[in-house]
Amino acid sequence: MIISRSIHAVMAASSATCSSKVDKIAAPYGSWKSPITADIVSGASKELGGAAVDGHGRLIWLESRPSESGRSVLVREAENPGDANIDITPKDFGVRTLAQEYGGGAFKISGDTVIFSNYEDQRLYKQSLSSADSSPAPLSPDYEDPLVRYADGVFDLRFNRYITVREDCRESSRNAITTIVAMDLVDDNIQEPKVLLSGNDFYAFPRVDPKGERIAWIEWSHPYMPWDKAELRVGYITQNGDVCNHICVAGCDPTLVESPTEPKWSCKGELFFITDRKNGFWNLYKWNESDNEVVAVCSLDAEFSRALWVFGINSYEIISSDDGKNLIACTYRRNGRSYLGILDDAHSSLSVLDIPLTDMNNIITSGNRCLFIEGASGVHPSSLAKVNLDEHKAEVVEFKIVWSSSPDSLMYKSYFSLPELIEFPTEVPGQNAYAYFYPPSNPNYEASQEEKPPLLLESHGGPTDEARGILNLSIQYWTSRGWAFVDVNYGGSTGYGRAYRERLLGRWGIVDVNDCYSCARYLVENGKADGERICITGRSAGGYTTLAALAFRDTFKAGASLYGVADLNMLKADMHKFESHYIDRLVGNDKDCFERSPINFVDRFSCPMILFQGLDDKVVFPDQARKIHKALKEKGLPVALVEYEGEQHGFRKAERIRFTLEQAMVFFARLIGHFKVADEITPIKIDNFD
């Protein structure tokens, strides 16, 4: 049975009631005028890079700003209502790490001290939060170039030092040396960090127990990614600060394939972590040190963590109860929706909290009864919310949005298209996949009963990532103009357990392409879209799926690839260390890579294509986009290439975000739309068309 359910049915009904009061203008799909402009979308493209609470209980978060060329800034919440929030990061600094290219875990706060990675030189800096004019002081050595990166640090109060993951790319980014190192916080003389752990390919989550006597960490090695196979280890810290007597807590049993993640010590020195050893889902476990035994804390067919693409994931926090027992505030994801829960460790009971966010990531605590949640919903953009709990039971007494990527978005609420989670059949009998479908929505317009809307299908990146049904103004930009939009969680996506994630192993370029095709076909057959006006887009790995779908299927009539992969063997040769063996498991040998690379089959392309590429991209090099552009141009197909100076793997500058959105829209409208875009957009030249 095919399932379709609205995430916010009540909101949808309310929106429909309001819309019915307006005399709508009859106009073709795609031609509708909308106040959700590309300028508004680019201005709402701020991202949250984590949050923390300082020694005074003040909330601090990291936000990236497209209006400042993507600079990331630490911000402290205003102490009084109505006051402006305070930027902590000086204007000549930016908080961002390039470790493993995708970064994350770029800062850490303890008391009145913050340590952060500075984007320009990738050095660590120490800054006091006690005075507004405190200047950051360098903590790590100056290596003259930003090829030594740091991420995912933790304070070690016993030795007054900072322990962090270090990635040293001075000899080669493909063979970078990753270690866990310690830096002295007392001496003002900058010294070479002390290496505590080395020898494996990758490290993450160094976490010191409350007494500073033990350290836990995650490590893994090629050819695996951390969500494939990893190990959780514990070491004992000696009197001189070294780490010895390593114990493998999880991941070393040859009879189990698991990917432990997110180790965390309780205030009593108990070690909790997340792994997928039992049911194929990331669930919570605890380590009994006395007998080196792992016990389940909560078993659910739900994901309590997510794929480790970036450092610093924090999906749960341990809080103390009045009787001294462990209560765990956690987020978990099940059937395309996130939940916030309070888990009683002693009774293994889980209480679900009622808050209006349906998609949640990180969580932090302030005291025992205050939580801060990073999340969103179909009507809430990416936000940071404060949740106060009842003193005696697991119930919410206050919910408040503290930060929003788009605080003015509710102005356009009547235009919002609410995501519907759809489950559709794939080409494998009895096997379904998932997507979020957004129908066209504009209170001022309607199309004729005979017309079906054009459809833009998005294939997410990763490819081990996940589409999420949240308010994304870039999607609303399309739907409010009369497009249908679908965001596909093809086989291989996270959020649905290991078995679903491993559908893609050895079959990248097949499963994802087939599932995108099946989703588009399902929507057309159910009258949701015009089969002659189906377009596809994607970023990075999603760009590869876009190109492969256009090369190996004839379903889609046009495509937009944003820094997408065209040549898998070229990608393998140029890939940085973190993903250098990823394609081996997703595709296979060089022959398989050749046969699934769109660049080798340009004769099969038969529709228009627009490509967007950052020239500083170190993940997908610009030559990939240039090769596909040259090949399609020589074949005579309508094609355009947009290259951006100073942009990396993902566009961060507001003007580039705006330009990309507008040019993709007008490109599709000119080539397959059969309508005129209402916005005033000057289109770029299209080869073999203009």
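Thresholds, definitions, all that
- Residues numbered from 1 in each chain as written.
- Predicted model: local features only at pLDDT ≥ 70, side-chain atom pairs only at ≥ 80, totals over all residues.
- Heavy atoms only, no water.
- Helix = DSSP H or I, 4+ residues; strand = E, 2+ residues; numbered from the N terminus.
- Expected span 1.5 Å × (residues − 1).
- Buried < 20%, exposed > 50% of the residue type's maximum accessible area, 1.4 Å probe, protein only.
- pLDDT = per-residue confidence, 0-100.
- Contact = heavy atoms within 4.5 Å.
- Phe/Tyr/Trp six-rings, centres within 6.5 Å; stacked < 30°, edge-to-face > 60°.
- Pairing = 2+ DSSP bridges.
- Axes fitted to C-alpha atoms, helices over the stretch in contact; angles between N-to-C directions.
- Disulfide = S-S within 2.5 Å.

(A) A look at unusual backbone geometry. His 222 connects to Pro 223 through a cis peptide bond whose omega is 10°. For Pro 223, the position within the fold is in the loop between strand E16 (214-220) and strand E17 (231-237). Here Gly 462 and Pro 463 are connected by a cis peptide whose omega angle stands at 0°. You can see Pro 463 is positioned in the loop between strand E34 (455-459) and helix H3 (473-479). One non-glycine residue, Asn 160, lies in the positive phi region at around 50°. With respect to the helices and strands, Asn 160 occurs in the loop between strand E11 (148-156) and strand E12 (161-168). The residue Asn 335 is not glycine, and still its phi comes out positive at about 50°.

(B) Structural view of helix H6 (residues 541-552). The end-to-end C-alpha distance of H6, which contains 12 residues, comes to 16 Å, matching closely the 16 Å that a straight helix rising 1.5 Å per residue would cover. What H6 keeps buried is the set Ala 541, Gly 542, Gly 543, Tyr 544, Thr 545, Thr 546, Leu 547, Ala 548, Ala 549, Leu 550 and Ala 551.

(C) Fine view of the confidence of the model for the chain. Residues at a pLDDT of 70 or more form 96% of the chain, whose mean pLDDT is 92. Across residues 1-20, confidence stays below pLDDT 50; counting only partners more than four residues off in sequence or on other chains, it has 36 contacts.

(D) Structural context of the packing of aromatic side chains. Overall, the coordinates contain 32 aromatic pairs when judged by the stated rule. For the pair Phe 202 and Trp 220, a centre-to-centre distance of 5.2 Å together with 15° between the ring planes defines the contact as stacked. Here Trp 220 lies in strand E16 and Phe 202 lies in strand E15 (residues 202-208), a separation of 18 residues in the sequence. Among the residues examined, Trp 220 registers a relative accessible area of 2% and is labelled buried. Aromatic pair Phe 273 and Tyr 285: ring centres 6.2 Å apart, planes at 25°, arrangement stacked.

(E) Focus on the sheet that holds strand E3 (residues 47-53). Read across the open sheet, the four strands follow the order E3-E4-E5-E6; overall the sheet is antiparallel. Whereas interior strands pair on both sides, the edge strands pair on one side only; in this sheet they are E3 and strand E6 (86-87). Relative to E6, strand E5 (residues 71-76) runs antiparallel, the two sharing two bridges. Residue pairing across strands places Arg 76 opposite Ile 86, the latter belonging to E6.

(F) Up close: the sheet that holds strand E22 (residues 293-298). Here we have four strands laid out as an open sheet, ordered E19-E20-E21-E22, and antiparallel in their pairing. The open sheet has two edge strands, strand E19 (261-265) and E22, and neither has a second partner. The mean angle between the axes of side-by-side strands here comes to 30°, regardless of whether they run parallel or antiparallel. When E19 meets strand E20 (residues 271-275), the two strands line up antiparallel, connected through three bridges.

(G) Main features of the state of the cysteines. Taken as a whole, this structure holds one disulfide when the rule is applied. Between the sulfur atoms of Cys 248 and its disulfide partner Cys 252 the distance amounts to 1.8 Å. Here the disulfide of Cys 248 and Cys 252 is right-handed, its torsion about the S-S bond being about 95°. Residue Cys 519 stays outside any disulfide, its sulfur separated by 7.3 Å from that of Cys 516, the closest cysteine. For Cys 519, a relative accessible area of 0% translates into the label buried.

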